[in-house]
Amino acid sequence: ISHTASVTLTITPPPDFTLAATPATQSVVTGGSTSFTATATAQNGFTGAIGFSVTGLPAGAVGNFSPTTVTDGGATTLNIATNGAAPGTYPLTISATGNSINHTASATLTITPPPDFTLAATPGTQSAIAGAMTTFTVTATAQNGFSGVIGFNVTGLPAGATSGFNPATVTGGGSSTLTIDTGGAAPGTYPLTITAASGTL
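Here we summarise the structure given alongside this text. (Residues numbered from 1 in each chain as written. Predicted model: local features only at pLDDT ≥ 70, side-chain atom pairs only at ≥ 80, totals over all residues. Heavy atoms only, no water.)

## Quick notes on the overall build of the chain
Broken down by element type, the chain carries 0 helices and 16 strands. Seen along its three principal axes, the alpha-carbon backbone of the chain occupies a region of about 130 × 25 × 20 Å. A total of 201 residues make up the chain; the buried ones form 27% of that total. The long-range fraction of contacts in the chain, counting pairs at least 24 apart against all pairs at least 6 apart in sequence, stands at 61%. A total accessible area of about 11100 Å² is found for the chain, and carbon and sulfur atoms account for 55% of it. (Helix = DSSP H or I, 4+ residues; strand = E, 2+ residues; numbered from the N terminus. Buried < 20%, exposed > 50% of the residue type's maximum accessible area, 1.4 Å probe, protein only. Contact = heavy atoms within 4.5 Å. Areas by Shrake-Rupley, 256 points an atom, 1.4 Å probe, with all protein chains shown as cover.)

## Thoughts on the packing of aromatic side chains
Summed over the entire model, instances satisfying the criterion amount to 4 aromatic pairs. Plain terms: the ring middles of phenylalanine 117 and phenylalanine 146 are 5.2 Å apart, the flat faces sit at 55° to each other, and that makes the pair tilted. One end of the pair, phenylalanine 117, is in strand β10 (residues 116–122); the other, phenylalanine 146, is in the loop between β11 (133–143) and β12 (149–155), and 29 residues separate them in sequence. Look at phenylalanine 146 and you get buried, because its relative accessible area is 11%. Here the aromatic rings of phenylalanine 152 and phenylalanine 165 are separated by 5.6 Å at their centres, their planes lie at 25°, and the arrangement is stacked. Taken together, the positions of phenylalanine 152 in strand β12 and phenylalanine 165 in strand β13 (residues 162–166) put the pair 13 residues apart, joining distant regions of the chain. For phenylalanine 152, a relative accessible area of 12% puts it in the buried group. (Phe/Tyr/Trp six-rings, centres within 6.5 Å; stacked < 30°, edge-to-face > 60°.)

## Some details on the sheet that holds strand β5 (residues 62–66)
With antiparallel pairing, 4 strands are arranged side by side in an open sheet as β1-β3-β7-β5. Either end of the sheet is taken by a strand with one partner, and the two such strands are β1 (16–22) and β5. For this sheet the average axis-to-axis angle between neighbouring strands, irrespective of direction, equals 20°. Here β5 runs beside strand β7 (residues 74–81); their pairing, made up of 5 bridges, is antiparallel. (Pairing = 2+ DSSP bridges. Axes fitted to C-alpha atoms, helices over the stretch in contact; angles between N-to-C directions.)

## Some points on the side chain of threonine 82
Among the secondary structure elements, threonine 82 is positioned in the loop between β7 and β8 (88–98). Separated by 2.8 Å, the side chain of threonine 82 and the backbone nitrogen of glycine 31 make a polar contact. Those residues within four positions of threonine 82 in sequence are excluded, and the remaining contacts are Val28, Val29, Thr30, Gly31, Gly32, Gly60, Ala61 and Ile111. (Polar contact = N/O pair within 3.5 Å; in protein donor to acceptor, adjacent residues only side chain to side chain.)

## Notes on the environment of serine 106
Secondary-structure assignment places serine 106 in strand β9 (residues 101–112). Sequence-wise, serine 106 and threonine 193 are 87 residues apart; in three dimensions their C-alpha atoms are separated by 49 Å. Sequence-distant contacts of serine 106, defined by excluding residues within four places in its chain, comprise Ala21 and Leu92.

## Observations regarding the sheet that holds β12
Ordered in space as β14-β12-β16, the 3 strands form an open sheet in which the pairing is antiparallel. Bordering the open sheet on either side are β14 (169–171) and β16 (193–197), each of which pairs with just one other strand. Taken over all neighbouring pairs, the strand axes of this sheet differ in orientation by 25° on average, direction set aside. Bridge analysis of β12 against β14 gives 3 bridges, and the strand direction is antiparallel.

## Some words on the layout of surface pockets
Considering only enclosed or pocket space, the largest pocket measures out at about 590 Å³ in volume. Surrounding the largest pocket, 25 residues form its lining, Gln126, Phe136, Gly188, Tyr190 and Leu192 being those nearest its centre. Of the residues contributing to the lining of the largest pocket, the split by class is 17 nonpolar, 8 polar and no charged. (1 Å grid on protein atoms, 1.4 Å probe; cavity = no way out; pocket = protein on both sides within 12 Å on 5 of 7 lines; lining within 4 Å. Points joined across faces, edges and corners; volume = space filled by probe spheres on them. Nonpolar A, V, L, I, M, F, W, Y, C, P; charged D, E, K, R; others polar.)

## What about the pairing of β16?
Residues of β16 alternate between two faces, with Ile194 and Ala196 buried on one and Thr193, Thr195 and Ala197 left unburied on the opposite face. Two elements, β12 and β16, share 5 bridges in a ladder whose sense is antiparallel. Across the sheet, asparagine 153 pairs through a bridge with threonine 195, a residue of β16.

## A look at unusual backbone geometry
Along the chain, threonine 22 connects to proline 23 via a cis peptide bond; the corresponding omega equals -10°. Following threonine 122, the chain continues to proline 123 via a peptide bond in cis, the omega torsion being -10°. Relative to the elements of secondary structure, proline 123 occurs in the loop between β10 and β11. Its identity as a non-glycine residue notwithstanding, serine 100 has a phi of 65°, on the positive side. Examined against the element boundaries, serine 100 turns out to sit in the loop between β8 and β9.

This is the structure in structure tokens:
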């Protein structure tokens, strides 16, 4: 005699969590700060504390998580201070560990140089008869999104000579003409220094 009875076996996935980092990319000027959000989402009844860490930061940069751990899943903010880190693109790996389970998420940190400008003067040499006038062209070229107002100055003129820039300032880069009236200056060769300034630059 044989009889049967039916039963059901259900195999469930083990408790786990997923990890995501947003945004995928952050860009910041050298010396500035930025942040990513790391989110651990519990699955299959996961419970427990999850801690975070990050690798791939450039030398000089510092990262910390707030909060440092989450319970049963949650979000944390990775705050990054670039300090003196060199400009460049840095792939980061954010890790989350809880109950001996580890997951990683990728993000990219881009550090850009600060806004700046270059300065050039042409020609390198001008010759003028005593009492006559001459000019140099001064060109400031914006870099890395510079958009400030630039003023000009010249030092090294001999006694009796006068000078002026036209225009006196340029915004976001541009050219100005330095006109020198030699006036009663004594004949000679005079090295001049032209300075362009905008704020602390």
